[in-house]
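If you want the building blocks of each chain, they are given just below.
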Amino acid sequence: MTRPDVDLTVPKPGHHLLRDRFVQWDLRLFETVAARHWPGADPLLPRLSRSANHGLLWFAAGAALAASRTPRARRAAARGLASLSLASLTINTLGKRTVRRPRPLLDPVPVIRQLKRQPITTSFPSGHSASAAAFAAGVALESPAWGAAVAPVAASVALSRVYTGVHFPSDVAAGAALGVGAAFAVRGMVPTRAQLTPPARPRADVPALPDGAGLVLVANEAASGAERAAALREVLPGCEVIVCEADEVGAALEMAAGRARVLGVCGGDGTVNTAAKVALRHGLPLAVLPGGTLNHFAYDLGVEDARDLTRALKSGEGVRVDVGRFTCGGRQGVFLNTCSLGVYPELVRERDHWSRRIGGWPAGVLAALRVLRADRHPLEAVFQGRPRPLWLLFAGNGTYHRMGLAPGRRLDLADGQLDVRVVHGGRRPALRLLAAAVAGPLTRSPAHAAVQVRRLHLDSVAPGTLLAYDGEVTEVRGAVTLEKLPEALVVYRPLPPARRIT
């Protein structure tokens, strides 16, 4: 029960006193910055402040990171820009409308520092500071090294807002805090790779190769194999590297397997698939160095570059992983990532046709447009004992998980499951495929379904039906069986520092 002699609606006098002191402190700090002269700052900071208008500086920085062609840098750029977008949205919808604080008076600020075009929005909080802090924090959460490179620029942008007289220091501090909060909010929706660490099991005994002696690595020259293999040899001088053309990879791997303790491969997913078959046949552990466009298997292993693979090879860190197998008419093949029938194999074949002319990603977009716009009929097959029209049947070697709104990846490469997703036939394949992609993997609807099984059998597959596996395409007919070979392949996988035994 509330005491009648206490009026809860009237703030205590001390609250006004604290507020007034804070405002006075904020103003004095603003005037101190205005009166201070830093050599070289007068021409630099105003220009830097203008470059960050509408986030242009950070979009350029994100493009530069993405152009570095390393997966970690691309993820850092995407996370930084997503954090910036969330911070900007929050500032423009809530921040500026909640506290309508006027801009500082420019009297104490030297004219040379003042911006030619003064902002007309309210002062609190600083949108430039929020964007700078959000981008820098987002990048740092994915890649601390890149975050350390971006942080001084972000701090300079925040400082420039006080230096040019458009914000009070508290505006900048509040904006920076909001930006960092936006970066952590994005991480809550889409976890970083470091948060989703693949399990280090089932462990496998593999030889430790401190200088690389015993490793014979075959690199596909058609990808970026030669360059990445050279980087590996710099840190592992004892390894043997064979660089060859794409059509010579299979023969080179067979020859390497005859004298290797560890079989290595550098190339895309198709090249890695070929190496896996050789390693299985000869009972050798496999060391995978990504050298293609997508590199799904290597990235799901946690191997993104030569440093990751070197760490695993030197310390002898390895695991057993599942292998998928398809069988049709007495013919067998294996897949490490996915196997599919229907629209996707046609997309792969179309993409391969255009990729050498216009590049991988543009070819993928063009292939999707051409395949989805073409007049076609769904695949007819007997599935689970019933004839069914299917636009797509996808089987993943292991369960694919979404990282929030991000594309799926596998956390466990030895879960014993085929991740099967089916898009049922209908008149509009594009709409059905889009609905299946948006709704998520573990759902059922009239358009699509998803199940996890160890074995899948299709009957009455029409002759000439295309089957895609790890980026390669072949034709099948009649009965097609997909199944798992549990823990069949031994691969090198770097353990995260917390799990490494020292």
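Residues numbered from 1 in each chain as written. Predicted model: local features only at pLDDT ≥ 70, side-chain atom pairs only at ≥ 80, totals over all residues. Heavy atoms only, no water.

Just checking my understanding: could you explain the environment of Phe168 for this structure?
Following the sequence through the fold, Phe168 ends up in the loop between α6 (144-163) and α7 (169-189). For Phe168, the residues in contact, after removing those within four places along its chain, are Asp26, Leu27, Phe30, Arg101, Pro102, Arg103, Pro104, Ser123 and Val162. (Helix = DSSP H or I, 4+ residues; strand = E, 2+ residues; numbered from the N terminus. Contact = heavy atoms within 4.5 Å.)

Would you take a moment to explain the packing of aromatic side chains for this structure?
Centre distance and the angle of the planes are the two values used to describe a pair of aromatic rings. Summed over all chains, the structure comprises 3 aromatic pairs. Judged by centre distance (5.0 Å) and plane angle (50°), the rings of Phe326 and Tyr469 are tilted. Taken together, the positions of Phe326 in strand β5 (residues 318-328) and Tyr469 in strand β14 (residues 455-469) put the pair 143 residues apart, joining distant regions of the chain. Look at Phe326 and you get buried, because its relative accessible area is 1%. Judged by its relative accessible area of 13%, Tyr469 is buried. (Phe/Tyr/Trp six-rings, centres within 6.5 Å; stacked < 30°, edge-to-face > 60°. Buried < 20%, exposed > 50% of the residue type's maximum accessible area, 1.4 Å probe, protein only.)

Is there a simple way to think about unusual backbone geometry in this case?
Leave glycine aside and you will find that most residues have negative phi; peptide bonds, for their part, are mostly trans. Positive phi, normally seen in glycine, also occurs at His54, with a value near 60°. Along the polypeptide, His54 turns up in the loop between α2 (41-51) and α3 (56-66). Classification of His54 by relative accessible area gives exposed; the value is 76%. Its identity is not glycine, yet Asp470 carries a phi of approximately 50°, on the positive side. Within the secondary structure, Asp470 is located in the loop between β14 and β15 (472-492). Asp470 sits in the buried class, given a relative accessible area of 4%.

I tried to follow the pairing of β14 on my own but got confused; where do I start?
Taken residue by residue, a regular strand's side chains alternate between the two faces of the sheet. Inspection of the sheet shows strand β7 (residues 338-342) paired to β14 by 3 bridges, in the antiparallel sense. Across the sheet, Leu341 pairs through a bridge with Leu467, a residue of β14. Here 2 bridges tie strand β8 (residues 379-383) to β14, and the two strands are oriented antiparallel to one another. By the bridge assignment for β14, Val382 is matched with Asp459. With 10 bridges connecting them, β14 and β15 associate as antiparallel partners. Bridge pairing in β15 places Leu466 opposite Glu475. (Pairing = 2+ DSSP bridges.)

What's the story with the packing of α3 against α6 in this structure? I'm lost.
The packing of two helices is summarised by the inter-axis angle and the distance between the axes. Interhelical geometry of α3 versus α6 gives an angle of 165° and a closest axis separation of 12 Å. Between α3 and α6, the crossing angle belongs to the class labelled roughly antiparallel. Seen along the crossing, α3 lies across α6 with a hand that is right-handed. Along its contact with α3, which presents Leu57, Trp58 and Leu65, the element α6 presents Trp146, Val150, Val153, Ala154 and Val157. In terms of residue class, the contact of α3 with α6 is built from 8 nonpolar, no polar and no charged. (Axes fitted to C-alpha atoms, helices over the stretch in contact; angles between N-to-C directions. Parallel < 35°, antiparallel > 145°, perpendicular 65-115°, else oblique. Left-handed = near helix turned anticlockwise from the far one by under 90°. Nonpolar A, V, L, I, M, F, W, Y, C, P; charged D, E, K, R; others polar.)

Before we go on, may I ask you to explain the packing of α2 against α6 in this structure?
Contact pair α2 / α6: the axes reach a minimum separation of 8 Å and the direction vectors enclose 105°. Classed by the angle they form, the pair α2 and α6 counts as roughly perpendicular. Contacts between α2 and α6 involve Ala41, Asp42, Leu45, Leu48 and Ser49 from the former and Val153, Ser156, Val157, Leu159, Ser160, Arg161 and Tyr163 from the latter. Grouping the constituent residues of the contact of α2 with α6 by class yields 7 nonpolar, 3 polar and 2 charged.

For this particular structure, what's the right way to read helix α12 (residues 306-315)?
What α12 keeps buried is the set Ala306, Asp308, Leu309, Thr310, Ala312 and Leu313. Of the residues one or two after α12, Gly316 is the one with positive phi, at around 70°.

I would appreciate a short explanation of the nonpolar core in the present structure.
General note: in soluble globular proteins, nonpolar side chains tend to be found buried as a group. Of all hydrophobic cores here, the largest spans 53 residues; its most connected members are Leu286, Phe297, Leu313 and Leu489. The contacts of Leu489, once residues within four sequence positions are left out, are Ala276, Ala279, Leu280, Leu286, Val319, Arg320, Val321, Val323 and Leu336. Core analysis: the second largest hydrophobic core is formed by 26 residues, Leu65, Ala77, Ala136 and Val139 among them. (Core = buried A, V, L, I, M, F, W, Y, C linked by side-chain atoms within 4.5 Å.)

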